[in-house]
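Observations on chain architecture
Each chain, letter by letter, is given below.
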Amino acid sequence: DAGVIQSPRHEVTEMGQEVTLRCKPISGHDYLFWYRQTMMRGLELLIYFNNNVPIDDSGMPEDRFSAKMPNASFSTLKIQPSEPRDSAVYFCASTQGYGYTFGSGTRLTVV
Amino acid sequence: QQPVQSPQAVILREGEDAVINCSSSKALYSVHWYRQKHGEAPVFLMILLKGGEQKGHDKISASFNEKKQQSSLYLTASQLSYSGTYFCGTLYSGAGSYQLTFGKGTKLSVIP
């Protein structure tokens, strides 16, 4: 298995632009998580899905953030409009009920 | 509530031992341990379920004290490859979900 695949690896965008992060979980994993990592706050859970259904989005900071999982092999996290304080590493992780497997992350820089 | 990890950082010489602690104020169902190297993704090490079990992974082992709501990660005879940031992730009893809450991490540096 290729593991959890995230794209892009790096994204630099201007404030106000829309940003879309992508994730392909491991086949057969029925949980998918989006985390954000910063030096100040560590790993924060944004939202998670079970069998493609959003279960808890209480960690999504604002309405500017949205996430979808249209099928078992694809999820997106969208920020519109982006702000400099959104700069962070965004990780997607999947599991079938044991340990999480994380993707390589997307380093987002909003200037 | 985020679990509390201690220490925040530790420096070891090769061959020395270290203990990393993870404490929670809420009843725990399970504790996960992950290691993250600089610029990489966190990697799963082990999971401990309530029941006070202890697990091992090479020379890295962990314990889970359900009564004290804490877990400890033991690294023995440390190697250079053990360097990285160690995170505990906690799953709370009765949460009805599988979302982990991570501590802020313990940075471990092993030097020759």
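Look above for the structure.
Residues take numbers from 1 onward in each chain, read along the sequence in its written order. Chain letters and ligand numbers both follow the written order, the letters beginning at A and the numbers at 1. Reporting in this predicted model follows two pLDDT cut-offs: at least 70 for local features of residues, and 80 or more for side-chain atom pairs to be given and counted; totals over whole chains, interfaces and linings ignore these cut-offs and use all residues. Water and hydrogen atoms play no part in the side-chain values, which are based on all heavy atoms of the structure.

**Some points on the overall build of chain B**
- Looking only at helices and strands, chain B has 0 helices and 11 strands in total.
- Each helix and strand of chain B, placed in order from N terminus to C terminus, yields the pattern β-β-β-β-β-β-β-β-β-β-β.
- The reference for a compact globule is 2.2 Å times residues^0.38; the radius of gyration itself is calculated from the C-alpha atoms. Since a compact globule built from 112 residues should have a radius of gyration of about 13 Å, the 13 Å found for chain B is in line with a globular shape.
- C-alpha extents for chain B along the principal axes are approximately 45 × 25 × 20 Å.
- Relative accessibility decides the category of a residue: with a 1.4 Å probe and only protein chains considered, values under 20% of the type maximum give buried, values over 50% give exposed, and everything between is partly exposed. Counting the 112 residues in chain B, one finds 45% classified as buried. In this description a helix means any DSSP run of H or I spanning at least four residues, a strand means any run of E spanning at least two, and both kinds are numbered starting from the N terminus.

**Details of the pattern of salt bridges**
Residue and element names in this part refer to chain A.
- The salt bridge criterion pairs a side-chain nitrogen of Lys or Arg with a carboxyl oxygen of Asp or Glu, the two atoms within 4 Å. Overall, the coordinates contain 8 salt bridges over all chains when judged by the stated rule.
- One salt bridge in this structure joins Glu44 and Arg41, with 2.7 Å as the shortest N-O distance.
- The exposure class of Glu44 is buried, given its relative accessible area of 16%.
- Ionic pairing is found between Glu83 and Arg85, a salt bridge with its closest N-O pair at 2.6 Å.
- Given the relative accessible area of 23%, Glu83 is considered partly exposed.
- On the basis of relative accessible area, Arg85 is assigned to the exposed category, the value being 55%.
- By sharing partners, the salt bridges in this structure join Glu62, Arg64, Glu83, Arg85 and Asp86 into a single network.

**Quick look at the state of the cysteines**
- Only a pair of cysteine sulfur atoms within 2.5 Å counts as a disulfide in this structure description. One pass over the full model with this rule turns up 2 disulfides over all chains.
- Here Cys23(A) engages in a disulfide with Cys92(A); their sulfurs sit 1.8 Å apart. Taking the torsion about the S-S bond as the criterion, the Cys23(A) to Cys92(A) disulfide, at about -60 degrees, is left-handed. Remark: Cys92(A) occurs in strand β9 (residues 88-95) and Cys23(A) occurs in strand β3 (residues 19-24); sequence separation between them is 69 residues.
- Assessed through its relative accessible area of 1%, Cys23(A) is described here as buried.
- For Cys22(B), the disulfide goes to Cys88(B), at an S-S distance of 2.1 Å. Between Cys22(B) and Cys88(B) the disulfide shows an S-S torsion of about 75 degrees. By sign, it is right-handed. Remark: Cys88(B) occurs in strand β9 (residues 84-92) and Cys22(B) occurs in strand β3 (residues 18-23); sequence separation between them is 66 residues.

**Re the interface of chain A and chain B**
- The contact criterion used throughout is that any non-hydrogen atoms of two residues lie within 4.5 Å. Every contact between the two is made by 20 residues of chain A and, on the other side, 18 residues of chain B.
- Take the accessible area each of two parts loses on contact, using a 1.4 Å probe, and add the two losses: that sum is the buried area. When chain A packs against chain B, the two sides together hide about 1,500 Å² of surface, and 58% of this comes from carbon and sulfur.
- Of all residues in chain A, Leu43(A), Tyr98(A) and Tyr100(A) give up the largest surface area on contact with chain B, accounting jointly for 35% of the area buried on that side.
- One can count 0 salt bridges joining chain A with chain B.
- Under the rule applied, a polar contact is a pair of N or O atoms within 3.5 Å (in protein, one hydrogen donor and one hydrogen acceptor; residues adjacent in sequence only if both atoms are side-chain atoms). Connecting chain A to chain B are 6 residue pairs in polar contact (both at pLDDT 80 or more).
- Listing elements by their share of the side of chain A that touches chain B, those giving two or more residues are β4 (31-38), β5 (42-50) and β9 of chain A.
- A total of 4 residues in the side of chain A that touches chain B trace back to one element, the largest contributor, which is β4(A).
- Considering only residue class, the side of chain A that touches chain B consists of 11 nonpolar, 6 polar and 3 charged. Only Asp, Glu, Lys and Arg are considered charged, only Ala, Val, Leu, Ile, Met, Phe, Trp, Tyr, Cys and Pro nonpolar, and every remaining residue, Gly among them, polar.

**Thoughts on unusual backbone geometry**
- Cis rather than trans, the peptide bond between Ser7(A) and Pro8(A) has omega equal to -10 degrees.
- Mapping Pro8(A) onto the fold places it in the loop between β1 (5-7) and β2 (10-13).
- Gln80(A) connects to Pro81(A) through a cis peptide bond whose omega is -5 degrees.
- Relative to the helices and strands, Pro81(A) is located in the loop between β8 (74-79) and β9.
- A positive phi is found at Gln69(B), a non-glycine position, where the angle reads about 55 degrees.

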